[in-house]
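# Structural characterization, general
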Amino acid sequence: MDEKAKDFIREIIDADIASGKHSDITTRFPPEPNGYLHIGHAKSICTNFGIAQEYNGKCNLRFDDTNPVKEDIEYVDAIKHDVEWLGFKWSSLHFASDYFERMYILAEKLIGMGLAYVCDLSPEDTRAYRGFASKPGKNSPFRDRSIEENLDLFRRMKNGEFPEGTRTLRAKIDMTSPTMCLRDPHMYRILHRDHHRTGSTWCIYPMYDFAHCLEDSSENITHSICTLEFEPNRPLYNWYLEKLDIYRSRQIEFARLNMSYTVLSKRNLRTLVEKGLVNGWDDPRMPTLSGLRRRGVPADAIRNFCSLIGLAKRNSTVDVALFEHSIREKLNKVAPRVMSVMNPVKLVIENYPEDKTEHFDYVVNPEDESAGTRPTPFSRELYIERDDFMEDPPKKFFRMGPGREVRLRYAYLVTCTAVVKDEDGLITEIRCTYDPDTRGGNAPDGRRVKGTLHWVSAAHSFPVEARLYDRLFNKENPMDNEDGIDFTSNLNPDSLLVTTNCMVEDHMRSKTPGFICQFERKGYFSIDPDSTSEKMVFNRTITLRDSWKKLKKNKK
RNA sequence: UGGGGCGUCGUCAAAUGGCAAGACACAGGGUUUUGGUCCCUGCAUUUGGAGGUUCGAAUCCUCCCGCCCCAGCCA
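Report follows, based on the coordinates. Given the structure is predicted, the values throughout are model-derived calculations rather than measurements.

Calculation rules
Residues numbered from 1 in each chain as written. Chains lettered and ligands numbered in written order. Predicted model: local features only at pLDDT ≥ 70, side-chain atom pairs only at ≥ 80, totals over all residues. Heavy atoms only, no water. Buried < 20%, exposed > 50% of the residue type's maximum accessible area, 1.4 Å probe, protein only. Helix = DSSP H or I, 4+ residues; strand = E, 2+ residues; numbered from the N terminus. Arc of directions from axis to C-beta. Contact = heavy atoms within 4.5 Å. Near = heavy atom within 4 Å. Polar contact = N/O pair within 3.5 Å; in protein donor to acceptor, adjacent residues only side chain to side chain. Nonpolar A, V, L, I, M, F, W, Y, C, P; charged D, E, K, R; others polar. Pairing = 2+ DSSP bridges. Axes fitted to C-alpha atoms, helices over the stretch in contact; angles between N-to-C directions. Phe/Tyr/Trp six-rings, centres within 6.5 Å; stacked < 30°, edge-to-face > 60°.

The set of residues buried in helix H11 (residues 299–308) consists of Ala299, Ala301, Ile302, Phe305 and Cys306. Taken down its axis, H11 places every buried residue within 160° of arc, on the same side. Here the buried face of H11 lies against helix H2 (39–54), helix H3 (73–86), helix H10 (289–295) and helix H12 (320–334). Directly beyond the C-terminal end of H11, a positive phi value near 80° is found at Gly310.

Around RNA strand B lies a shell of 70 residues, among which Glu11, Arg337, Gly440, Gln518 and Arg521 are the nearest. One of the backbone nitrogen or oxygen atoms of Tyr410 is found 3.0 Å away from a base oxygen of RNA strand B. Take Gln518: an N or O atom from its side chain is 2.7 Å from a base nitrogen of RNA strand B. Secondary-structure elements contributing two or more residues to the surface near RNA strand B are helix H5 (123–130), strand E6 (186–190), H12 and helix H13 (547–555). Considering only residue class, the surface near RNA strand B consists of 24 nonpolar, 22 polar and 24 charged.

Looking now at the sheet that holds E6. Pairing in this open sheet of 4 strands is antiparallel, and the strands run E4-E5-E6-E7 from one edge to the other. With one partner strand each, in any of the chains shown, strand E4 (116–119) and strand E7 (204–206) form the two edges of the open sheet. Recorded for the sheet is a direction-independent mean angle of 20° between the axes of neighbouring strands. Note that E4 and strand E5 (residues 168–171) share 4 bridges and pair antiparallel.

We now examine the packing of aromatic side chains. For any pair of aromatic rings, the description consists of the separation of the ring centres together with the inter-plane angle of the planes. Per the counting criterion, the structure on display carries 27 aromatic pairs. Taken together, a centroid distance of 5.8 Å and an interplanar angle of 75° make the contact between Phe100 and Tyr205 edge-to-face. Taken as a pair, Phe100 in helix H4 (residues 100–112) and Tyr205 in strand E7 lie far apart in primary sequence, 105 residues in all. Of the two residues, Phe100 and Tyr205, neither departs from the other in class, the shared state being buried. Following the ring pairs from residue to residue traces out a cluster consisting of Phe100, Tyr104, Phe154, Tyr188, Trp202, Tyr205, Phe210, Trp239 and Tyr240.

A word on the sheet that holds strand E25 (residues 537–543). Two pairing modes exist for strands in a sheet, parallel and antiparallel, and in both the strands are linked by backbone hydrogen bonds. What the 7 strands build is an open sheet, ordered E10-E23-E24-E25-E21-E22-E11; its pairing is mixed. Among the strands making up the open sheet, the edge pair consists of strand E10 (337–338) and strand E11 (340–341). Sheet contacts for H12: E10, strand E23 (516–519), strand E24 (523–527) and E25; angle to E25, the most-contacted strand, approximately 115°.

What is shown is where atoms sit, not what they do.
What follows is the structure in C-alpha cells.
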C-alpha cells in the first residue's frame, strides 16, 4: 500500500494520539450563516469531516451565529443542504446561539475574577486608545471599575438599559501587548436586534474570539481547524480557555483555498449577486456549492479535488485547470454519451431511401462496459455541426469538405457531393452519398477515414436550449486591476452563451433536471431546473479537452 | 519599521541530515469509430539570497531579501 504523505494537521493528530493526549478525535465545521458555501469551504469541510472519518472520530456542524445583523435562517438551510450534498454527515448539529446562556455566565465569571470590565468608550475613542501596531495602547479610563459595578453594568447591558454602541464588555489583558487582539478585546457588544433563532431574548451578543473558543470547548473539540487569518488570535483563544479553566481545544490554522480565474470571498460573491452580474448564488458560473451543483459538477469531483490540492500553511493559488481536470476525470467515468448538435446544418444523404429508418447500436459509455448499448435512429436527413464542415479545408482538418469521405459515428461512411447556399452565401444544406457497405462505420475494403462526426436524425431529434458556460473571469487574478478595487472589470463577457436551437436525440425527452451526460465531442452537460415541458435547458458543465482548438490557436 | 506566519518546477505539493516524490499544466510520440479517454517520453544538477556547521544540508546555525495576516463594538 502506498502511504500517502500526511499533511501537517494529520501529523499533529497522529502525535497527539501517540502521546496519549487524545484517544478520540473531534472536529467541527463552523460556518457563519451569512452567505452560501463555496469551493473554499469545501476544502474546510473535506478536511474536518475527512479527518473525523479517518480517525473514527466525530465532526460537528456548528453555525457560528453570533452576529444577528448579518445572519439569516435562509443560509442555515442552504448550508446544511450543501454539506449533505457533498457527502458528509455531522455527528451533531449546534448553534453558537445555543450557548449564549453559558457564555453569559462565563463572562460574569471573568468579571468576578477581575478579568473583564464594562467600558464606556465610544467606538472612536476605543480606536484611539488601542494605539498602533508599533505603538502601545493606553488603558481605558473605565478599566478599574469595581467588580460590583461591572457586574451591575453588564446585567443592565443584558437587560437592554443602554443604547447600541454605548458600552461593551472587555477582557482585561494588556493594552501594551504587541499582539493587537490582546489589547483588552471586546467580549460583548450591545445589539438591539432580533436574532434568527433567539428572537428578542438577547440584546448583547458575544464577539467571535470569546464565543468561538467556548463553543469548541463545550463540544470537546480536540482540534479546532481554521484558516490562517486567525493565527494572531490564537493567544486570545487560549487565554479565555485557560482563565476559565475549561476544556482546552487546540486551534490549528491552514491556508485557505484560492483559485485562478475565480473570486472566493463571500463579500465579492455577494457583490456579483447583488449587482445582478450573475443570476443568483446558484448561478452555474458561481464557485458556490449550489452553483457548481446546478452546473453539473459531481460532489465526488469536488471531494477528489480537495484531496489533490493538499493542506499546508503557505498562501497559494490553485490552478483552476486542476479543478477542471477533477471534473472531467469523474464525468468521463460516469456520464452516458449522447449525440447532440449545437449549431445544426442539414445533411442530406442523396442515395438513402426517403422513408427508411434504421437503428444502430450506440455504446452508452466506453469507459463503463456495464452501461451497455442502446439503439439510435438514423435516416436520410440528418443534422451535423456547422463547424464540422469547411468548403476549403486545410490539410489538418479531418472533418467534412467537398469530395471528402468521413464517418458518421456508428452509422456509415459518407462523401460530400454538394453544398446548397442561400442568397447571402450561408450554407443551408450539405449533400452527400453514403456507402451501404460501410454499415456500422467500417469499410470492408479496409480504407480508413480521418474524421468521425456526431449527428442526429432530423426526424428523431428535438431542439433544446444550451447554456454554454465558461470561466467567469478572463484574468488569472480577478482582483488584479487598474483601480485595485473593481474586480468586475475582469468579468468574462462570454462566460454565458445561449443557443436555443441545439438538436438532441429524442430519447432525452424523458430525462429530468440534474441528469448529467456527455454530448459527444462537445462536453459534459446537465439538465437545468429551468427546463419546462416546452423547452429543455442544458448547462454545459465543462468542455472536453480540445486538441483541435489548441492546434488552431497555436497556428495563429 | 511591533507581533504572528510563509518562501521547493508555470501552478499545487512531498521529502523530518543521506542521492529533490507525485499531480495539474506544457511539449512530443503511440492507440482510438469522440481531435475525448488511455498509454509512453520529456519537463528543478537544485529548494528566495549570501555565508557557516557537517563526510554529507531543502532540512541545522547566522545575516539578508520577499510575500501574507493583525489597529471592526465582523468572522
